[in-house]
Amino acid sequence: MEKVNYDVVVIGAGLAGLMASHEIASAGYSVAVISKVFPTRSHSSAAEGGIAAYIDGNSDPNDNPDYMAYDTIKGGDYLVDQDAAELLAYKSGEIVRILESWGTLFNRQPDGRIAVRYFGGQTYPRTRFVGDKTGMALLHTVYERTSGLEKVDFYFEWFAWELVRDESRVRGVVAFDMRNMIPVFFKAKAIVIASGGMGMLYKHTTNSYINTGDGYAMALRAGVALKDPEFVQFHPTALYPSDILISEAARGEGGILRNNKGERFMARYAPKKLDLAPRDIASRAILTEVKEGRGFPGGYVGLDLTHLGEEYIKERLALAYEAAKAFAGIDATKEMIPVRPAQHYYMGGIDVNIEGRNPDIIGLFAAGEAACVSVHGANRLGSNSLLETLVFGRETGRAVVEFLKSYTEPSSDIDKESEKAEQLAYDVVKRESGVHFGEVVNKLREVMWEDVGVFRNEDGMKNAISEILKLREMAKDTYVLDKSKVYNTEFYNALEMKNMLDLALVIASTALNRKESRGAHYRLDYPKRDDENWLKHTIAYLRGNTVEITYKPVKITKWKPEERVY
């Protein structure tokens, strides 16, 4: 197998991966960025509504970073590590100023300052935006900045498959050139996993097709723990029936959720915040309305923007307007947009500290949605994810630089381990007949939606685990129809299937284990939060078909847990 050498390999070219790459390459170290897609097609581009930031002199006069940290902690139902929330809040203004100086064209207030809007769970408005295409604007800015650095090489349309490690250190990653299936061993001193989320595990998701949980599964197979894997976020306003995201900006600008009676039903579930309740509460409210007969046929409610006016909608919510018209045939200036909850984000992830450093393997780092810094806890607030990618992408990049300054080259040979990783990929698809991988994936997505979704209970999650174990057995007999080596997308879809199955077992097992309701993890059989027994992080390892679970304390600095009401 061909081998190339870099100081660092970054897996993923979204905002977190690019920001980390920028920091590392600016310090003079060589970086390979591996991505399944061209960088500006990474999923960061799909983030619409904005990036949260407290900016001194450009925020509500009553606001401050401590309020922002508190909102994040409360929004995360107190499973947030509070040092991480404070870092996020105190760095937020600086990071937006940097992106502005790099060229991001934020919307403006009449006096020229960066405009701001409310998002769910915010005490004061803090979300900065570029219309409702903020992620796209930020991603183009950071890509332009990073791609100009001499020390960065981009490998786009490459599939990162398996980490290569020795007894204690990560030594590189085996990746395939998706154009021709040629494997290459990227040998590196450090690896940053910034591969994004896992929405394709669910039947209904706002995520793109590339989000198949590759980084999480890669880490699990290398003996690395996931932290809080049971916490999956469902966004309340996915367009019915396509599940395309209708940004929370729509409610931030004044959009109202209504049932089939025309009622503003959020008054029943969040009397103070109403439609700007956090996503977990709004998602459960919508499904409750539907279940109790106040939804529309098909299982959705309406998002009413009509009172905002055509000019305002087309200026501030252009993407929502265009999506509703193109994919649901709805003119949002005259009719309600049909919406329902769909999987949107993953609070769990690779266990790292606030520097992005993983404690299981020396030299392994993670950032962005792939990581669990514990800044979102049990439920992420809207517009905190773009901020997280940039703040913690930068922190991770800086930590990698410090790691490289004292790096010593191991003497052991690692080439045989890379060959094993290559063979593992071919083992997934070497059969000529059996079960087509698509059958396995479709069944998995159905099971996860029905039994490990917005509402959970013991019987459902036990059923999910049983079904996932059966699917893992079925997967041993899967095959692909395409035998060519030219853009063989079936081959990579089959590898993604294995990643999805590994991750699904960990999610379902840890969800069954947590016997309480907290944030996005809502159990009908344990409907209350239980701080006495469950104010702790789940740490989960995958050993064959067994999920080993331990715990880690939540870091509390200032704010004691209290009842979470809106």
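All figures in this text were calculated on a predicted structure; none of them were measured in a lab.

(A) Quick look at the packing of aromatic side chains. Enumeration over the complete set of coordinates arrives at 24 aromatic pairs. Note on W158 and F186: the rings are 5.5 Å apart at their centroids and 90 degrees apart in plane angle, and the pair reads as edge-to-face. With W158 in strand β6 (residues 158–165) and F186 in strand β8 (residues 182–193), this residue pair connects regions lying 28 residues apart in the sequence. Overall, W158 belongs to the buried group, its relative accessible area being 9%. We note R221 situated over the ring of W161; from NZ or CZ to the ring centre the distance is 4.6 Å. The ring of W534 is capped by K536, whose NZ or CZ atom sits 5.1 Å from the centre of that ring.

(B) Seen up close, the UniProt feature "active site" (unreviewed entry) in the protein chain. UniProt's entry tags R279 with the feature "active site" (unreviewed entry), counted in the numbering of this structure. Assignment of secondary structure puts R279 in helix α7 (residues 279–291). Classification of R279 as buried rests on a relative accessible area of 5%. Those residues within four positions of R279 in sequence are excluded, and the remaining contacts are F119, Q233, F234, H235, P236, E248, H344, N379, R380, G382 and S383.

(C) Up close: the side chain of D166. Position of D166 relative to the elements: it lies in the loop between β6 and β7 (170–177). Residue classification places D166 among the buried positions, given a relative accessible area of 17%. For D166, the side chain forms a polar contact with the main-chain nitrogen of S168, separated by 3.0 Å. A distance of 2.6 Å separates a polar side-chain atom of D166 from the backbone nitrogen of R169. Those residues in contact with D166 that sit more than four places away from it in its chain are R171, P410, S412 and I414.

(D) Examining the nonpolar core more closely. L163, V173, F186, I191, I193, Y202 and I507 are the most contacted members of the largest nonpolar core, which totals 140 residues. The dominant element in this core, judged by the number of residues it contributes, is helix α14 (residues 489–513), at 15 residues. If you look at the next biggest cluster of nonpolar residues, it comprises 29 residues, including F119, L239, M266 and I286.

(E) Region of the structure containing the layout of surface pockets. Looking at the second largest pocket, its volume works out to about 640 Å³. In terms of lining residues, the second largest pocket is bounded by 23 residues, among which I281, R284, Y522, P527 and R564 are the most central. Top element by residues in the lining of the second largest pocket is α7. It accounts for 5 residues. Per-class residue counts for the lining of the second largest pocket are 9 nonpolar, 4 polar and 10 charged. Lining the lining of the second largest pocket are residues from two domains, each supplying at least three of them: domain 1 (237–342) and domain 2 (414–532).

(F) Region of the structure containing the packing of helix α11 (residues 415–429) against α14. For the pair α11 and α14, interaxial distance at closest approach is 9 Å and the crossing angle is 100 degrees. For the element pair α11 / α14, the angle class is roughly perpendicular. Residue-level contacts link A425, Y426, V428 and V429 of α11 to F491, A494, L495, M497 and K498 of α14.

(G) The arrangement of the pattern of salt bridges in detail. As enumerated under the stated definition, the model contains 57 salt bridges in all. With a closest N to O distance of 2.8 Å, E289 and R294 form a salt bridge. Both residues of the pair, E289 and R294, belong to the buried class. Between K552 and D351 there is a salt bridge whose closest N-O contact spans 2.8 Å. With a gap of 201 residues between them, K552 in strand β22 (residues 546–553) and D351 in strand β14 (residues 349–351) connect regions that are remote in the sequence. When salt bridges that share partners are traced, they join D77, E230, D280, R284, R514, E516, R518, R529, D531 and R564 into one network.

(H) Region of interest: the environment of A32. Structurally, A32 is set in strand β2 (residues 31–35). For the pair A32 and A370, spaced 338 residues apart in sequence, the C-alpha separation works out to 18 Å.

(I) Region of interest: the environment of G223. Note on placement: G223 falls in the loop between α5 (214–221) and β9 (226–227). Using a relative accessible area of 22% as the deciding quantity, one classes G223 as partly exposed. Along the primary structure G223 and T72 are separated by 151 residues, whereas in three dimensions their C-alpha atoms are 31 Å apart. When residues no more than four places from it in sequence are discounted, the contact partners of G223 are R165, D360, Y541 and R543.

(J) Seen up close, the domain arrangement of the protein chain. Split by domain assignment, the protein chain resolves into domain 1 (237–342) and domain 2 (414–532). Distance between the C-alpha centres of domain 1 and domain 2: 31 Å. Listed per partner, the contact involves 6 residues of domain 1 and 6 residues of domain 2. Together domain 1 and domain 2 conceal approximately 510 Å² of surface at their shared face, both sides included; 77% is due to carbon and sulfur atoms. Looking at the side of domain 1 facing domain 2, the largest losses of area belong to D280, R284 and L287, adding up to 74% of the total buried there. Applying the counting rule to domain 1 against domain 2 returns 0 salt bridges. On inspection of domain 1 and its partner domain 2, the count reaches 1 residue pair in polar contact (both at pLDDT 80 or more). Broken down by class, the residue content of the side of domain 1 that touches domain 2 amounts to 3 nonpolar, 1 polar and 2 charged.

(K) Molecular detail of the sheet that holds strand β10 (residues 232–239). Strands sit in the order β10-β13-β12-β11 across an open sheet of 4 strands; the sheet is antiparallel. Of all the strands in the sheet, the pair left with one neighbour each is β10 and β11 (256–258). The mean inter-strand angle of the sheet, taken between neighbouring strand axes irrespective of direction, is 45 degrees. Summarising the sheet, strand β12 (residues 301–304) and strand β13 (residues 337–346) pair through 3 bridges and their orientation is antiparallel. Across the sheet, L303 pairs through a bridge with I337, a residue of β13. Against the sheet, helix α9 (residues 318–328) contacts β10 and β13, and its axis sits at roughly 75 degrees relative to β10.

(L) Summary view of the sheet that holds β14. Strand order in the open sheet made by the 5 strands is β16-β14-β9-β21-β22, with mixed pairing throughout. The open sheet has two edge strands with one neighbour each: β16 (371–372) and β22. Relative to strand β21 (residues 536–543), β9 runs antiparallel, the two sharing 2 bridges. In the strand pairing of β21, K227 is matched with I539. Along the sheet face, α5 touches β9, β14 and β21 and points at about 35 degrees away from the line of β14. Across the face of the sheet, α14 comes into contact with β9, β21 and β22 while running at roughly 55 degrees to β22.

Cut-offs used in this document
- Residues numbered from 1 in each chain as written.
- Predicted model: local features only at pLDDT ≥ 70, side-chain atom pairs only at ≥ 80, totals over all residues.
- Heavy atoms only, no water.
- Phe/Tyr/Trp six-rings, centres within 6.5 Å; stacked < 30°, edge-to-face > 60°.
- Helix = DSSP H or I, 4+ residues; strand = E, 2+ residues; numbered from the N terminus.
- Buried < 20%, exposed > 50% of the residue type's maximum accessible area, 1.4 Å probe, protein only.
- Lys NZ or Arg CZ within 6 Å of the ring centre and 35° of its normal.
- UniProt positions renumbered as here; feature names shortened; annotations may be inferred.
- Contact = heavy atoms within 4.5 Å.
- Polar contact = N/O pair within 3.5 Å; in protein donor to acceptor, adjacent residues only side chain to side chain.
- Core = buried A, V, L, I, M, F, W, Y, C linked by side-chain atoms within 4.5 Å.
- 1 Å grid on protein atoms, 1.4 Å probe; cavity = no way out; pocket = protein on both sides within 12 Å on 5 of 7 lines; lining within 4 Å.
- Points joined across faces, edges and corners; volume = space filled by probe spheres on them.
- Nonpolar A, V, L, I, M, F, W, Y, C, P; charged D, E, K, R; others polar.
- Domains from an automatic or database assignment.
- Axes fitted to C-alpha atoms, helices over the stretch in contact; angles between N-to-C directions.
- Parallel < 35°, antiparallel > 145°, perpendicular 65-115°, else oblique.
- Salt bridge = Lys/Arg side-chain N within 4 Å of Asp/Glu carboxyl O.
- Buried area = accessible area lost by both parts, 1.4 Å probe.
- Pairing = 2+ DSSP bridges.

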